[in-house]
Amino acid sequence: MPTPPHAISRLADRLPPWAAGLSGGCILIIVAGLIAAPIALTGGTRASSAMQLWLFAATHEILYQPMVDEWNADAEARGALPIEMSMLGLAPLQRRVMSGFYGGLPTADLVEIERTMAGQVFSGPVEAVGLVDLTDRMRDAGMFDKFPETSLSPWTSRGRVFGIPHDVHPLLLGVRADLVEGAGISLDNIETWDDFARTLAPMMRDDNNDGDPDRYLLGFWPTQTEKVEILLLQGGTGLFDENGALTLVSEANARVLATMVSWCVGPNRIAADVKDFEASGNKLKTDGFALAFFMPDWMCNVWKNELPHMAGTLEIMPLPAFEPGGRRVSVWGGTMLGIPKTSQNIDAAWDAAQHLYFDSEFARELYRAGDIITPINTYWADPVFDEPDDYFRGQAKGRLYIEHIPGIPARNASPYNQTAVFRVADAAMALIDYANDNALYTPAELEAEAMNQLQAAERAILRVMNRNAFAQAEPAEADTAESGTRGGGQ
């Protein structure tokens, strides 16, 4: 709420004569600086009788509450600090964390970082990252053998690991099996995206004779930027390599870009813009406007919560590959738990982090309550992942997701990842315009222009990178095998 003008006037009356000419805004800035100065001068310390844990997701707060209660019950007897959780939401958490990192102001003792925040968190020289480097602690605790490499790569920068993975998030395909089976079509022989389009083409009828199909095969559009990255990771060379160098311009990426655009144009279009997390998209899903959807493990829970009436309509299947024998899984999203350098309780926070993330019952509850597969491979044999899921027509979908974890593509912790994603999405939309303007609708016809668009996107990204003195990747102190990340990459 804005400060009332009369309050500023009363404050101005108490200031010395030299300040009489200052505006109300200047006065407020001066006062805010005077209040903040003692905190800054103390080095950002925060006196507290409890460790602070900041979260961005309400579901995480619910999942952690039993473990926090257990920790706190005998914390005093063990001589440990209790844990206090705060659920801030993603945008407020990002603002508070980055303000603390850049300004050396108090933050939390433990903080969960979401994948889209990684670019800001890992920008600058590695020694300036605002999180404690956990590489040696994790290696000494034998943790690296417990995680798949791809769960570590988003939180690894220049060979150093800054967070414990909360998840691994394999992405498969959710299909309206009720509609497909009702049409007498089998999904068993689908291996590639071409197979997918050919097999399900009879589902795209125009029963109302308006000139457009009543149903499309895939919920996808390039304006859904995260799905563009999903597909480049699955069938192309992604955006960056393990050293942070751009891998955007490649024949594989051009083929993937041309293919995804071919789904959106011409007489054989199969894709429709069915948005996630929105009422309009949920209505289209309910109506069967699209048959298949990108489904990371956590998205299963979104459907259960937002579309409970759709129980028994979906089945999970591997992603169709871009070519025979190709990758049939991708990845979307991710969370890590880190310790800010401003914490006054780093060792205690490390103990608490292990208590939260390495509990076997938590791994089971993470799946039962959130449909999320734990990244800790020693728990993958748990029978909970073989339990049938009534929402997904009795499938033991947990086991299917786990079987595809080894194929998940690695991601890079580049601070320019989001910039690159947006530029590639722009390239896809430009390619759609090119296709429509020139009546070119097949991947083969679009591939050359796709390469041109990727080259333009790369030039735009490099202009941003070259403005940063720290854009070039710094050599790690040791190679990934020595540092214990087993090739997790940047």
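Each residue is numbered by its place in its chain's sequence as written, counting from 1. Whole-chain, interface and lining totals are the exception, using all residues; otherwise, since this is a predicted model, local features are given only for residues with pLDDT of at least 70 and side-chain atom pairs are given and counted only at 80 or more. Calculated side-chain values reflect all of the structure's heavy atoms, with hydrogen atoms and water omitted.

## Let's talk about the overall build of the protein
So, step 1. Secondary structure counts use DSSP, requiring at least four H or I residues in a row for a helix and at least two E residues in a row for a strand, with both numbered from the N terminus. A tally of helices and strands in the protein yields 20 helices and 13 strands.
So, step 2. Burial status follows relative accessibility: with a 1.4 Å probe on protein chains alone, a residue under 20% of its type maximum counts as buried, one over 50% as exposed, and anything between as partly exposed. Buried positions account for 51% of the 490 residues belonging to the protein.
So, step 3. Nonlocal contacts in the protein, meaning residues at least 24 apart in sequence, comprise 74% of its contacts between residues at least 6 apart.
So, step 4. Here the Shrake-Rupley method, with its probe set to 1.4 Å, supplies the accessible areas, and only the displayed protein chains count as covering residues. Summed over all atoms, the accessible surface of the protein reaches about 21,200 Å², with 53% contributed by carbon and sulfur. In this description, contact between two residues means that some pair of their heavy atoms is separated by no more than 4.5 Å.

## As for the packing of aromatic side chains
So, step 1. To pair, rings of Phe, Tyr and Trp, with the six-membered ring standing in for Trp, must have centres within 6.5 Å; the planes then decide the type, stacked if under 30 degrees apart, edge-to-face if over 60, and tilted in the middle. All chains considered together, the criterion is met by 18 aromatic pairs.
So, step 2. Between Y357 and F362, the ring centres sit 6.4 Å apart and the planes meet at 15 degrees, which makes this aromatic pair stacked. Each member of the pair, Y357 together with F362, is buried.
So, step 3. If you follow R78 out to its NZ or CZ, it ends over the ring of W71, 4.5 Å from the centre. Cation placement over rings: the criterion is NZ of Lys or CZ of Arg within 6 Å of the ring centroid and within 35° of the ring normal.

## Here's the deal with the layout of surface pockets
So, step 1. Here a cavity means grid points, on a 1 Å grid over the protein atoms only, where a 1.4 Å probe fits yet cannot get out; a pocket means an open set of points with protein on both sides within 12 Å along at least five of seven lines; lining residues are those with an atom within 4 Å of a point. Grid points are joined across faces, edges and corners, and a volume is the space filled by probe spheres set on the points. Approximately 920 Å³ is the volume attributed to the largest pocket.
So, step 2. F56, E114, F277, W298 and G333 are, among the 36 residues lining the largest pocket, the residues nearest its centre.

## Quick word on the sheet that holds strand 1 (residues 51-55)
So, step 1. What makes two strands pair is DSSP finding at least two bridges between them. Across the sheet, 5 strands lie side by side as 2-1-3-13-6; this open sheet has mixed pairing. The sheet is open, and its two edges are formed by strand 2 (83-87) and strand 6 (164-165), each paired on a single side.
So, step 2. Relative to strand 13 (residues 335-338), strand 3 (residues 110-114) runs antiparallel, the two sharing 4 bridges. Each bridged residue has a counterpart across the sheet, and for I113 the counterpart in strand 13 is M336.

## Digging into unusual backbone geometry
Glycine aside, the phi torsion of most residues is negative, and most peptide linkages are trans.
So, step 1. Positive phi values are uncommon outside glycine, yet R158 reaches one of about 55 degrees.
So, step 2. In this structure, R158 sits in the loop between strand 4 (156-157) and strand 5 (160-161).
So, step 3. The class for R158 is buried, based on a relative accessible area of 8%.
So, step 4. Even without glycine at this site, R393 takes up a positive phi of about 55 degrees.
So, step 5. Among the secondary structure elements, R393 is positioned in the loop between helix 16 (360-370) and helix 17 (397-403).

## Describing the confidence of the model for the protein
So, step 1. The quantity called pLDDT is the predictor's confidence in a given residue, expressed from 0 to 100. Mean pLDDT over the protein stands at 87; residues scoring 70 or higher make up 86%.
So, step 2. In the predicted structure, residues 1-47 sits below a pLDDT of 50 and forms 26 contacts with residues beyond four places in sequence or in another chain.
So, step 3. Within the model, pLDDT remains below 50 along residues 471-490, and this stretch shows 51 contacts once partners closer than five positions in the same chain are excluded.

## Brief notes about the side chain of K285
So, step 1. When you line up the elements, K285 lands in helix 13 (residues 279-287).
So, step 2. Only 2.8 Å separates the side chain of K285 from the side chain of D276, close enough to count as a polar contact.
So, step 3. If we ignore the near neighbours within four places in the chain, the residues touching K285 are R176, V274, K275, D276, F293, W303, L307 and M310. For this analysis, a polar contact is any N or O atom pair within 3.5 Å, provided that within protein one partner can donate a hydrogen and the other can accept it, and provided that sequence-adjacent residues contribute only side-chain to side-chain pairs.

## Quick notes on the pairing of strand 13
So, step 1. Covered by surrounding structure in strand 13 are T335 and L337 together with M336 and G338, the residues of both alternating faces.
So, step 2. Bridge analysis of strand 6 against strand 13 gives 2 bridges, and the strand direction is antiparallel. When the sheet's bridge partners are listed, I164 is paired in strand 13 with L337.

## Re helix 12 (residues 251-262)
So, step 1. Expected span of a helix: the number of residues minus one, times 1.5 Å. Taking 1.5 Å of rise per residue, the 12 residues of helix 12 would be expected to cover 16 Å, and the 16 Å separating its terminal C-alpha atoms lies within 8% of that figure.
So, step 2. Burial within helix 12 is extensive, with 10 of its 12 residues counted as buried.
So, step 3. Of all the residues in helix 12, the buried ones are A252, N253, A254, V256, L257, A258, T259, M260, V261 and S262.
So, step 4. Taken together, the buried residues of helix 12 touch helix 11 (225-235), helix 18 (417-438) and helix 19 (443-466).

## Focus: the pattern of salt bridges
So, step 1. Salt bridges, as used here, are contacts in which a Lys or Arg side-chain nitrogen is within 4 Å of a carboxyl oxygen on Asp or Glu. Under the defined criterion, the tally for this structure stands at 25 salt bridges.
So, step 2. Measuring nitrogen to oxygen at the nearest pair gives 4.0 Å for the salt bridge that ties E361 to R368.
So, step 3. A relative accessible area of 38% places E361 in the partly exposed class.
So, step 4. In this structure R368 comes out as partly exposed when scored by relative accessible area, which is 44%.
So, step 5. Each of E361, R364, R368, D382 and E387 takes part in salt bridges that share partners, so that together they form one network.

## Points about the nonpolar core
The tendency in soluble globular proteins is for nonpolar side chains to be buried side by side.
So, step 1. Only buried residues count toward a nonpolar core, which is a set of Ala, Val, Leu, Ile, Met, Phe, Trp, Tyr and Cys residues joined through side-chain atoms within 4.5 Å. The biggest cluster of nonpolar side chains holds 123 residues, and the ones touching the most others in it are Y64, L173, F196, W263 and F294.
So, step 2. If near-sequence neighbours (up to four positions away) are discounted, F196 is found in contact with L173, I190, L217, L218, I270, A292 and P320.
So, step 3. One finds A118, F162, M336 and A413 within the second-largest nonpolar core, a separate group that totals 20 residues.

## As for empty space enclosed by the protein
So, step 1. Here the structure, examined in full by the defined rule, presents 2 cavities of 30 Å³ or more.
So, step 2. When its volume is computed, the second largest cavity comes out at roughly 40 Å³.
So, step 3. Around the second largest cavity sit P165, H166, Y357, F362, A363, L366, T374, P375 and I376, which together line it.
So, step 4. Ranked by residue count, the leading element in the lining of the second largest cavity is helix 16, at 3 residues.

## A short note on the packing of helix 12 against helix 19
So, step 1. Lines fitted to C-alpha atoms define the axes, with helix axes restricted to the stretch in contact, and inter-axis angles between N-to-C directions lie between 0 and 180 degrees. Direction vectors running N to C along helix 12 and helix 19 enclose 120 degrees, while the axes themselves pass 8 Å from each other. Taken together, the axis directions place helix 12 and helix 19 in an arrangement best described as oblique. Of the two elements, helix 12 crosses helix 19, and the hand of that crossing is right-handed. Of helix 19, the residues touching helix 12 (which contributes E251, N253, A254, R255, L257, A258, T259, V261 and S262) are P443, L446, E447, A450, M451 and L454.
So, step 2. Of the residues belonging to the contact of helix 12 with helix 19, the class tally is 9 nonpolar, 3 polar and 3 charged. For classification purposes, angles smaller than 35 degrees are called roughly parallel, those larger than 145 roughly antiparallel, those between 65 and 115 roughly perpendicular, and all remaining angles oblique. For any pair of crossing helices, the crossing counts as left-handed if the nearer helix is rotated counterclockwise from the farther one by less than a right angle, and right-handed if it is rotated clockwise. Gly is put with the polar residues, along with every residue not named as nonpolar or charged; the nonpolar set is Ala, Val, Leu, Ile, Met, Phe, Trp, Tyr, Cys and Pro, and the charged set is Asp, Glu, Lys and Arg.

## Focus: the environment of F147
So, step 1. As for its position among the elements, F147 is in the loop between helix 7 (135-140) and helix 8 (149-152).
So, step 2. Separated by 230 residues in the primary sequence, F147 and N377 have C-alpha atoms spaced 6.1 Å apart.

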